Amino acid sequence: MFSEALLCFGASSTSVDEHDNDADENSEEIYIDSIFPECEDVDECILNAANSIGLKEIPRYEVRMGEQCNWIKKTQQSFHPVEVTKGLWIVPEWGAPPDVQATNIILNPGLAFGSGEHATTKLCLLLLRRLIKGGELFLDYGTGSGILGIAAIKFGAAMSVGADIDPQAIKSAHQNAALNNIGPKKMKLHLVPDRTFTASMNERVDGVVEDLSSHKIRGISQTEKYDVVIANILLNPLLQLADHIVSYAKPGAVVGISGILSEQVSSLLRSVKIGTYSKVRGEVFIV
């Protein structure tokens, strides 16, 4: 969870190891290597990441200046086709599908979260595959690379809508949709500011990067309701945004929430809105 939080607050990439190469192999400590852009405030990122998942203490860390290299090429070399389950593959744009008969999601994640290798992404994909029967409206709350919205369309959903506060995520999701021959009528993407998630969800956003000029840059319509809603984010945002997340679900719809450690489930279940929704309106899956 801390590794994922680092990505949300400025890290370009992270890798997790059970022990450091220079440490005792019997150590129970877990080491995270993160790469940050040179201009990033690493101290602030680590503080924000720790606070976002409720860590009581800031982990010990060391900052080193790395050598310049071709990070795009290095990332591509480390990203291989991922078999989520039988008949479902995540395939990098620069690779070939191992099974052309399978459902293949072509992906270039760029700097956005959602390469298909993270456990929460896989669990959400498995849930989606089970829920989408054909013709559903799907909302991906925190779309990242767009992987879940693309998967929903490939599974048979009539339309998917993705929202994110990160312009890079929206750009990445738009590009990935195009890689999978999914047009804007089937997969709509909304860039929303932080305040929109906790306020009206209907403000228009101005001053975004020119690359996003073709996107629908506005809040998610409150009048549109969805058959399936998935929010694969972090615990604290889930707790803060619970009302908004379930407000987009139709009566009898399914809401999937992810990005939670097993020991954090009880905190989430204490959210009154989610508990009420699961009892009177539909189903809530925690994955």
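The name recorded for the protein in an unreviewed UniProt entry is Ribosomal protein L11 methyltransferase-like protein, from Citrus sinensis.

Right, let's talk about the overall build of the protein for a bit. Per the secondary structure count, the protein includes 11 helices and 11 strands. Per-residue burial for the protein yields a buried fraction of 42% across its 287 residues. Relative to all contacts within the protein whose residues are 6 or more apart in sequence, the contacts with residues 24 or more apart total 62%. By element, 50% of the accessible surface of the protein is carried by carbon and sulfur atoms, the whole surface being about 15,400 Å².

Below, the discussion takes up unusual backbone geometry. One non-glycine residue, Asn181, adopts positive backbone phi at about 55°. Secondary-structure assignment places Asn181 in the loop between helix H6 (167–179) and strand S8 (187–191). Residue classification places Asn181 among the exposed residues on the basis of a relative accessible area of 75%.

Once that is clear, we can look at the side chain of Ser52. Secondary-structure assignment places Ser52 in helix H2 (residues 42–52). Residues contacting Ser52, with those up to four places away along its chain left out, are Ala5, Phe9, Leu234 and Asn236.

Moving on, we get to the sheet that holds strand S4 (residues 88–92). Across the sheet, which stays open at both edges, the 3 strands sit in the order S3-S4-S5 with mixed pairing between neighbours. In the strand order of this sheet, the two ends are held by strand S3 (82–85) and strand S5 (103–107), each with one partner. Across this sheet, the average inter-strand angle for adjacent strands is 25°, counted without regard to direction. When S4 meets S5, the two strands line up parallel, connected through 5 bridges. Note on S5: the bridge partner recorded for Ile90 is Ile105.

Right, let's talk about a nonpolar patch on the surface for a bit. Together, Leu47, Ile58, Tyr61 and Val63 line one region of the surface with nonpolar side chains, adding up to about 350 Å² of accessible area. Given the relative accessible area of 40%, Tyr61 is considered partly exposed.

On any regular strand, side chains alternate: one points to one face of the sheet, the next to the other face. Counting buried positions along strand S6 (residues 137–141) gives 4 out of 5 residues, so the element sits mostly inside the fold. Inspection of the sheet shows S6 paired to strand S7 (residues 159–164) by 5 bridges, in the parallel sense. Each bridged residue has a counterpart across the sheet, and for Tyr141 the counterpart in S7 is Ala163. With respect to chirality, the unit in which S6 leads through helix H5 (residues 147–155) into the neighbouring parallel S7 is right-handed.

Now for the pattern of salt bridges. Evaluated as defined, the whole model comprises 3 salt bridges. A salt bridge links Glu62 to Arg64, with the nearest nitrogen and oxygen atoms 3.3 Å apart. Ionic pairing is found between Asp227 and Lys250, a salt bridge with its closest N-O pair at 3.3 Å. Note that Asp227 is positioned in strand S9 (residues 226–232) and Lys250 in strand S10 (residues 249–258), a separation of 23 residues in sequence.

What counts and what doesn't
- Residues numbered from 1 in each chain as written.
- Predicted model: local features only at pLDDT ≥ 70, side-chain atom pairs only at ≥ 80, totals over all residues.
- Heavy atoms only, no water.
- Helix = DSSP H or I, 4+ residues; strand = E, 2+ residues; numbered from the N terminus.
- Buried < 20%, exposed > 50% of the residue type's maximum accessible area, 1.4 Å probe, protein only.
- Contact = heavy atoms within 4.5 Å.
- Areas by Shrake-Rupley, 256 points an atom, 1.4 Å probe, with all protein chains shown as cover.
- Pairing = 2+ DSSP bridges.
- Axes fitted to C-alpha atoms, helices over the stretch in contact; angles between N-to-C directions.
- Patch = residues over 30% accessible without salt bridge, like charges linked within 9 Å, V, L, I, M, F, W, Y side chains within 5 Å.
- Salt bridge = Lys/Arg side-chain N within 4 Å of Asp/Glu carboxyl O.
- Right-handed = clockwise from strand over helix to strand, strands pointing away.

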